[in-house]
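# Secondary and tertiary structure notes
The residues making up each chain are set out below.
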Amino acid sequence: VQLQASGGGLVQAGGSLRLSCAASGFTFNTYAMGWFRQAPGKEREFVAGISWSGPFTYYANSVKGRFTISRDNAKNTVCLQMNSLKPEDTAVYYCAGKTGKVVTTQILYDYWGQGTQVTVSS
């Protein structure tokens, strides 16, 4: 099983980034997928999630209206479009997968990627 996150980088406040996560080694189209993030000195937190078939999405209040999660089951990828970025969005972003419904509890996720760094300068 592998989840390979990419797309992180350095961006100015107000800018945009698009994160991608390529999955392999499991039946991707039967897994709910989520993005989490961990800022320095803070606990890892839920950012966004998407159901296995795509129509259901869920966002943390802090990113609602700015971030959009999507998936392409034909390509085994899940993406996170991040707009209007703020310095407080600076963190390492992780993609994760689980069977069943989207949840915000990270311990319930079965598979994790290695993370990609997002840095937003003010």
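Up top is the structure these notes are about.
Residues numbered from 1 in each chain as written. Predicted model: local features only at pLDDT ≥ 70, side-chain atom pairs only at ≥ 80, totals over all residues. Heavy atoms only, no water.

### Regarding the sheet that holds strand 1 (residues 2-6)
Note on sheets: strands pair through backbone hydrogen bonds, and any given pair is parallel or antiparallel. Let me state the cut-off plainly: Each pair of strands is called paired provided DSSP finds at least two bridges between the two strands. A run of H or I in DSSP counts as a helix once it spans at least four residues, and a run of E counts as a strand once it spans at least two, with each numbered from the N terminus. Between N-to-C directions, angles span 0 to 180 degrees; the directions come from axes that are lines fitted to C-alpha atoms, helices contributing only their stretch in contact.
Across the sheet, four strands lie side by side as 1-3-8-7; this open sheet has antiparallel pairing. Every other strand in the sheet has two partners, leaving strand 1 and strand 7 (67-72) as the edge strands with one partner each. Strand-to-strand twist in this sheet, taken as the mean axis angle between neighbours without regard to direction, amounts to 15 degrees. Bridging between strand 7 and strand 8 (residues 77-82) involves six bridges; their strand directions are antiparallel. Its bridge partner being in strand 8, Ser70 is matched across the sheet by Cys79.

### A short note on the pairing of strand 7
Formally: Buried means the residue's accessible area, taken with a 1.4 Å probe over protein chains only, is under 20% of the maximum for its type, while exposed means over 50%, and partly exposed covers the values in between.
Going residue by residue along strand 7, you find Phe67, Ile69 and Arg71 tucked away on one face and Thr68, Ser70 and Asp72 left uncovered on the opposite face. Between strand 7 and the antiparallel strand that follows it, strand 8, lie four residues; Asn76 among them carries a positive phi value of about 55 degrees.

### Some details on the packing of aromatic side chains
For the record, the criterion: Aromatic pairing here means that ring centres of Phe, Tyr or Trp (its six-membered ring) are within 6.5 Å. Orientation follows from the plane angle: under 30 degrees is stacked, over 60 is edge-to-face, and everything else is tilted. In this scheme, Lys NZ or Arg CZ marks a charge over a ring once it lies within 6 Å of the ring centre and within 35 degrees of the ring normal.
Here the structure, examined in full by the defined rule, presents nine aromatic pairs. Consider the rings of Phe46 and Tyr58, whose centres lie 5.8 Å apart with planes at 40 degrees: the pair is tilted. Linking Phe46 in strand 5 (residues 45-50) with Tyr58 in strand 6 (residues 57-59), this pair joins segments that are twelve residues apart in sequence. What makes Phe46 buried here is its relative accessible area of 10%. Overall, the relative accessible area of 41% leaves Tyr58 in the partly exposed class. Between Arg44 and the ring centre of Tyr94, over which it is positioned, the NZ or CZ distance is 5.0 Å. A cation over a ring is seen here: Arg71 above Phe28, with NZ or CZ 4.4 Å from the ring centre.

### Description of the nonpolar core
Applied cut-off: We define a nonpolar core as any set of buried Ala, Val, Leu, Ile, Met, Phe, Trp, Tyr and Cys residues linked to one another through side-chain atoms lying within 4.5 Å. When checking whether two residues touch, look at their non-hydrogen atoms; a contact exists if any pair is within 4.5 Å.
Counting residues in hydrophobic clusters, the biggest one holds 30 residues, and the most contacted among them are Trp35, Leu80, Met82 and Tyr93. Elements with a contribution of two residues or more to this core: strand 1, strand 3 (17-24), strand 4 (31-38), strand 5, strand 7, strand 8, strand 9 (91-99) and strand 11 (116-121). When residues of this core are assigned to their parent elements, the largest contribution, four residues, is made by strand 3. Beyond its immediate stretch of four places on either side in the chain, Met82 contacts Gly15, Ser16, Leu17, Leu19, Arg66, Phe67, Tyr93 and Val118. Ala32, Phe46, Ala96 and Val102 belong to the second largest nonpolar core, which has six residues in total.

### Regarding the side chain of Ser51
Within the secondary structure, Ser51 sits in the loop between strand 5 and strand 6. Using a relative accessible area of 11% as the deciding quantity, one classes Ser51 as buried.

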